[in-house]
Amino acid sequence: MHVRCPDRLPEETYRQVLEAMAGLSPIVQALPPTAALMELKGALRYHGADARQLGEVLRVRTLTRLGVDLRIGVGPSITVAATASARIHAPGGVLAIAPDHVADWLGPLPVDALHGIGPSQAAALYDYGVHTIGLLAAIPTETVQRLLGGRAGRTAADRARGIDPRPVTPCTLPAAATVRHSFPRHALDGADVRAALLDLVVRLGHLLRRRGQAARGLTLVLRFAGGASWEKTRRLPEPSAHDGDLSTLAYRLMDAAGLQRGRLAGLALKGEDLLDAGQVAQQISLDDTREARLVAEAAVDGVRDKFGPRVIGPATVFRHAS
């Protein structure tokens, strides 16, 4: 079962949705901020109900207790269930796909409706004339691999055919990772502030990559002289632990603060809604420059791991630190 919340919920409400799911099955996987998975096999036997009935029970409970109307997809795999939940329109509902109806149900859907297919992958398939999931399932896997890349192509071809062996892995809300910078004297110079922010980005990215995690969002906290503070959170377009992705969003957060002549005492940058990096979908990339940056980033990580985190980094950071 794949559950989608109508919007990003307050963390406490999201936790209550997870608790409602845990009341039906002990195997619940949080996918914050708006989704979760639940394994139903044991729950069906225990409750003596079918999958659609359990979905309706969960929907009624969250609607009456929390005022949250869920969109619930039920299917024999994570891909089918997640694709089903995305096909439900507001306000909510339950869509259950039986194992023997998967091919017939998936086939006519547009290829970008398949859970896990990103915009760049969908564009590559559309350019080749593959407009539906049924066509994606029908063409040879080797052809899909040529279009999307080896691993991504095989995964897409398998999932179009209803093949997805991933289990639901019980887990609670992911932790966060925070890095901080304190100014020895209250900072007024915008260049010094942006250099400090870039340093935080580099430190956070290295920390996440070393831990094998990726962030779904960033929170920037500014501490001003006198004790006041400012905080804002934004989501990343895709989960990432790469410096380029993190810095783009971090600078947008800083710009949103609208600093003029505020005297800053310190900064904090927090990676939010962390997940295992292995769970991040590997999208096809046509950007050679980005690929080169990722290769360079991996090499720099190796230097840092061997000689220490401060031996190499952006020139801006070292110039303003000196």
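You'll find the structure just up there.
Residues numbered from 1 in each chain as written. Predicted model: local features only at pLDDT ≥ 70, side-chain atom pairs only at ≥ 80, totals over all residues. Heavy atoms only, no water.

## Considering the pattern of salt bridges
Evaluation of the coordinates by the stated rule reveals eight salt bridges. As a salt-bridge pair, Arg 166 and Asp 164 come within 2.8 Å of each other at their nearest N and O atoms. In this structure Arg 166 comes out as partly exposed when scored by relative accessible area, which is 36%. Owing to a relative accessible area of 10%, Asp 164 belongs among the buried residues under this scheme. Notably, a salt bridge pairs Asp 199 with Arg 203, separated by 3.8 Å at the nearest N-O pair. (Salt bridge = Lys/Arg side-chain N within 4 Å of Asp/Glu carboxyl O. Buried < 20%, exposed > 50% of the residue type's maximum accessible area, 1.4 Å probe, protein only.)

## Some points on helix α1 (residues 11-22)
With twelve residues, α1 should cover 16 Å at 1.5 Å per step; its first-to-last C-alpha distance of 16 Å lies within 8% of that length. Taken as a whole, α1 has its buried residues at Thr 13, Tyr 14, Val 17, Leu 18, Ala 20 and Met 21. Down the axis of α1, the sector holding all buried residues measures 155°, keeping them to one side. Among the structural elements, β1 (2-4), β2 (28-31), β3 (35-38) and α3 (51-66) are those in contact with the buried residues of α1. (Helix = DSSP H or I, 4+ residues; strand = E, 2+ residues; numbered from the N terminus. Expected span 1.5 Å × (residues − 1). Arc of directions from axis to C-beta. Contact = heavy atoms within 4.5 Å.)

## With respect to the packing of α1 against α3
It is the contact of α1 with α3, at a shortest axis distance of 10 Å, that shows an interaxial angle of 145°. As α1 packs across α3, the resulting crossing turns out to be right-handed. Contacts between α1 and α3 involve Thr 13, Gln 16, Val 17, Ala 20 and Met 21 from the former and Leu 58, Thr 62 and Leu 66 from the latter. When grouped by side-chain class, the residues that make up the contact of α1 with α3 number five nonpolar, three polar and no charged. (Axes fitted to C-alpha atoms, helices over the stretch in contact; angles between N-to-C directions. Left-handed = near helix turned anticlockwise from the far one by under 90°. Nonpolar A, V, L, I, M, F, W, Y, C, P; charged D, E, K, R; others polar.)

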